[in-house]
Amino acid sequence: MPPSPATAPGPVAGEPVALGTAPGRWVLLSTVLASAMAFLDATAVTLALPAIGTDLGASLSGLQWTVTGYTLALAALILLGGALGDRYGRRRVFAVGVVWFALASLVCGVAQSTGQLVAARVLQGVGGALLTPGSLAIIQASFRPQDRARAIGLWSALSGVAGLIGPFVGGFLVDAASWRWVFGINVPLAVLTLAATRHVPESRDPTRHGRFDVPGAVWGALALGGATQALIAAGEGPARPQVWAPGALGIVAAVAFVVQERRAPEPMLPPAVFADRQFTGANLSTLAVYGAMGGFSFFLALQLQTVLGYSATLAGAATLPSIVLLTVLSARAGALAQRIGPRRPMTVGPLVAGAGLLWLSVVGAGSSYWTDVLPGSVVFGLGMALLVAPLTATVLGAAPDHLVGVASGVNNAVARAASLLAVAALPVLVGLSGDDYADPSAFSDGYRSAMWACAGLMAVGGGIAYATIRDDALAR
């Protein structure tokens, strides 16, 4: 009989744990709670965008920065967060990230202007960059090789529970109290996460002793920040200094980043990891798929509230079926990929999800939930349930064990950067700017085009997986 938490022996570094044992359950609980906190926050913030815009008098670009300010810091620093965990201990850095995220959430909740909220969201993204890569790196480093794919599937499924309660909790807080309360809920979740984390075994990369690649982190942040500002500002007209100046900075910084990573003794983004075809292919597929997801989430939340008149609670509940499917089926998809290989699930999943987005593209004024929103949400959820666990397992399985923190960081950085650029670029590409998010007629036209673009990105992601992923990718 396993010892109780109060009398359990401390975690032992370097000893792999088995799924279904007490140590394995603590690892899953800790990583699931942290991921749920970040997932719930993202869901609630997206639903709160109309309320934030009204309360703070924000324009569409202000709402974009409310989302992208967080994602920018997360994408720019997540590789550094993974490297910190590899060197100083993944559990230790993970715990620091949880505390940082909770404190920054409190600052978000008391913001009095759009600028203050965006700045606080950037700080929140720094905390996310410390805890996010740690979740998957801890799973990969803690569990036995034969249990990792299923553990990742369980992590995906259990993290999805936050998606089940997130729309109701976040929407209810926005409708019944204020959007500010959607940030405060992170604090009790952080306390629970820290309590579970003390039972997690510590792990690190013993070969990491050199200097941190701080120049790489700076150039990466400038590249993403410049590109984001240029894309968002282009909505008010492309031929302006507010567009070409940050755009030029982003290009120069991107070139400097590549040069730095090739020359650094211990680069933040080791070029060698991309020599593996499976790793490169999975990350290119991630770029397309998560770009589509970022754009879809941003546009659908606004479409349901602005055009269809849904409350924040109903808008969150509208996509609940897709989250239920992801929660219920992710573990099975992980086990399926372990048995037949990840290529087919990673190819079919994005295509099915893209079909769901095409169905959702018809949602507009007068649309029925039962014939338009629900079927599209179900099809999208089925596709994502097929994809997420095999994709994650392939990325982590392609990297050596001592670089799982870097591998997790790279994949998360790619996913966040894709979402960041999609939210920045899509409104410009479909002709939306200013206060168009509050104009049902103007926004609905842009929404339809954006959903078609997101469906196209899903198809690209599936095609990349078909061309690059092998069925034996998880057998190495």
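All values derive from a computational prediction rather than experimental measurement.

Undergrad: Go over the overall build of the protein, please, and point to the residues and values.
TA: Regarding its fold elements, the protein presents 16 helices and zero strands. Here the protein has a C-alpha radius of gyration of 21 Å; the compact-globule value for 476 residues is 23 Å, and the two agree. Along the longest, intermediate and shortest principal axes, the C-alpha atoms of the protein span 60 × 50 × 45 Å. Counting only residues that meet the buried cut, the protein has 59% of its 476 residues in that class. For the protein, long-range pairs separated by at least 24 residues make up 86% of all intrachain contacts whose partners lie at least 6 apart in sequence. As displayed, the protein offers around 18000 Å² of accessible surface, 69% of which is attributable to carbon and sulfur atoms. Here the protein carries 26 positive and 21 negative side-chain charges, and the mean point of each set is 10 Å from the other.

Undergrad: Quick rundown of the pattern of salt bridges? Include the residues and the values.
TA: According to the stated counting rule, one finds four salt bridges in the structure shown. Between Arg144 and Asp147 there is a salt bridge, and its shortest N-O distance comes to 2.8 Å. For the salt bridge of Arg344 with Asp471, the shortest nitrogen-to-oxygen distance reads 3.8 Å. With Arg344 in helix H13 (residues 343–360) and Asp471 in the segment after helix H16 (440–468), the pair connects residues that are 127 residues apart, well separated along the chain.

Undergrad: I'd like to hear about the packing of aromatic side chains, residue by residue, with values.
TA: Under the definition given, this model contains seven aromatic pairs. Relative to Phe443, the ring of Phe299 lies with its centre 5.7 Å away and its plane at 25 degrees, an arrangement referred to as stacked. With a gap of 144 residues between them, Phe299 in helix H10 (residues 277–306) and Phe443 in helix H16 connect regions that are remote in the sequence. This pair shows no difference in class: Phe299 is buried, exactly as Phe443 is. A centroid spacing of 5.2 Å and a plane angle of 80 degrees characterise the contact between Tyr369 and Trp370, whose relative ring orientation is edge-to-face. Classification of Trp370 as exposed rests on a relative accessible area of 63%. When the ring centre of Tyr466 is taken as origin, the NZ or CZ atom of Arg343, which lies over that ring, is 4.2 Å away.

Undergrad: Which residues make up empty space enclosed by the protein, and what are the values?
TA: Overall, the coordinates contain four cavities of 30 Å³ or more when judged by the stated rule. Estimates place the volume of the largest cavity at around 1400 Å³. Lining the largest cavity are 50 residues; nearest its centre among them are Phe39, Ala42, Tyr290, Met293 and Arg416. In the lining of the largest cavity, the residues fall into 27 nonpolar, 20 polar and three charged.

Undergrad: Just give me the short version of helix H4 (residues 114–142), but keep the residues and values in it.
TA: Taking 1.5 Å as the rise per residue, H4 with 29 residues should run 42 Å; its terminal C-alpha atoms sit 41 Å apart, in good agreement. In H4, a bend of some 30 degrees at Gly128 exceeds every other bend along the element. Of all 29 residues in H4, 23 are buried; the element is thus mostly enclosed.

Undergrad: Please provide a residue-by-residue account of the confidence of the model for the protein, values included.
TA: Mean pLDDT over the protein stands at 83; residues scoring 70 or higher make up 90%. Here helix H5 (residues 148–176) is the element of the protein with the lowest mean pLDDT, 74, and H13 is the one with the highest, 95. Residue range residues 1–13 is modelled with pLDDT below 50. Its contacts to residues more than four positions away, or to other chains, number 14 contacts.

Undergrad: Which residues make up the nonpolar core, and what are the values?
TA: Counting residues in each nonpolar core, the largest one holds 111 residues, and the members touching the most others are Phe299, Leu304, Leu357 and Met384. Ranked by residues supplied to this core, first place goes to helix H1 (residues 22–56) with 14 residues. Once residues lying within four places of it in the same chain are set aside, the contact partners of Met384 are Val289, Met293, Leu326, Ala353 and Met458. Among the nonpolar cores identified, the runner-up in size contains 10 residues, and Trp65, Ala75, Ile232 and Leu420 belong to it.

Undergrad: How would you explain the side chain of Asn283 if you had to name every residue and give the values?
TA: Along the chain, Asn283 turns up in helix H10. Of the residues examined, Asn283 reaches a relative accessible area of 4% and is grouped as buried. One polar contact links the side chain of Asn283 to the main-chain carbonyl oxygen of Phe279, over a distance of 2.8 Å.

Undergrad: For the packing of H13 against helix H14 (residues 369–397), give the residues involved together with the corresponding values.
TA: Packing of H13 against H14 leaves a shortest axis separation of 7 Å and a crossing angle of 155 degrees. Considering their axes alone, H13 and H14 lie roughly antiparallel with respect to each other. Considering how the two elements wind past one another, H13 and H14 form a crossing that is left-handed. By residue class, the composition of the contact of H13 with H14 is 20 nonpolar, seven polar and one charged.

Undergrad: Would you mind going over H14 in detail, with residue names and values included?
TA: Helix length check: H14, at 29 residues, gives a terminal C-alpha distance of 40 Å against a target of 42 Å (1.5 Å per residue), a fit within 8%. Burial of H14 is extensive: 22 of the 29 residues sit out of reach of the surface. Between the side-chain oxygen of the N-cap and the backbone nitrogen of Trp370 there are 3.2 Å, and the N-cap of H14 in question is Ser368.

Undergrad: Could you give an account of the packing of helix H3 (residues 90–109) against helix H7 (residues 186–197), naming the residues involved and the relevant values?
TA: Relative orientation of the contacting elements H3 and H7 amounts to 165 degrees, with a least axis distance of 9 Å. Here H3 lies roughly antiparallel to H7, going by the angle between them. Two packed elements cross with a definite hand, and for H3 against H7 that hand is left-handed. Here Arg91, Phe94, Ala95, Val98, Val99, Phe101, Ala102, Ser105 and Leu106 of H3 lie close against H7, whose contacting residues are Asn186, Val187, Ala190, Thr193, Leu194 and Thr197. Taken together, the residues of the contact of H3 with H7 break down into 10 nonpolar, four polar and one charged.

Cut-offs used in this document
Residues numbered from 1 in each chain as written. Predicted model: local features only at pLDDT ≥ 70, side-chain atom pairs only at ≥ 80, totals over all residues. Heavy atoms only, no water. Helix = DSSP H or I, 4+ residues; strand = E, 2+ residues; numbered from the N terminus. Rg over C-alpha atoms; globule rule 2.2 N^0.38 Å. Buried < 20%, exposed > 50% of the residue type's maximum accessible area, 1.4 Å probe, protein only. Contact = heavy atoms within 4.5 Å. Areas by Shrake-Rupley, 256 points an atom, 1.4 Å probe, with all protein chains shown as cover. Lys, Arg positive; Asp, Glu negative; His and termini not counted. Charge placed at Lys NZ, Arg CZ, Asp CG, Glu CD. Salt bridge = Lys/Arg side-chain N within 4 Å of Asp/Glu carboxyl O. Phe/Tyr/Trp six-rings, centres within 6.5 Å; stacked < 30°, edge-to-face > 60°. Lys NZ or Arg CZ within 6 Å of the ring centre and 35° of its normal. 1 Å grid on protein atoms, 1.4 Å probe; cavity = no way out; pocket = protein on both sides within 12 Å on 5 of 7 lines; lining within 4 Å. Points joined across faces, edges and corners; volume = space filled by probe spheres on them. Nonpolar A, V, L, I, M, F, W, Y, C, P; charged D, E, K, R; others polar. Expected span 1.5 Å × (residues − 1). Bend = angle between axes of the 7 residues up to and from the residue. pLDDT = per-residue confidence, 0-100. Core = buried A, V, L, I, M, F, W, Y, C linked by side-chain atoms within 4.5 Å. Polar contact = N/O pair within 3.5 Å; in protein donor to acceptor, adjacent residues only side chain to side chain. Axes fitted to C-alpha atoms, helices over the stretch in contact; angles between N-to-C directions. Parallel < 35°, antiparallel > 145°, perpendicular 65-115°, else oblique. Left-handed = near helix turned anticlockwise from the far one by under 90°.

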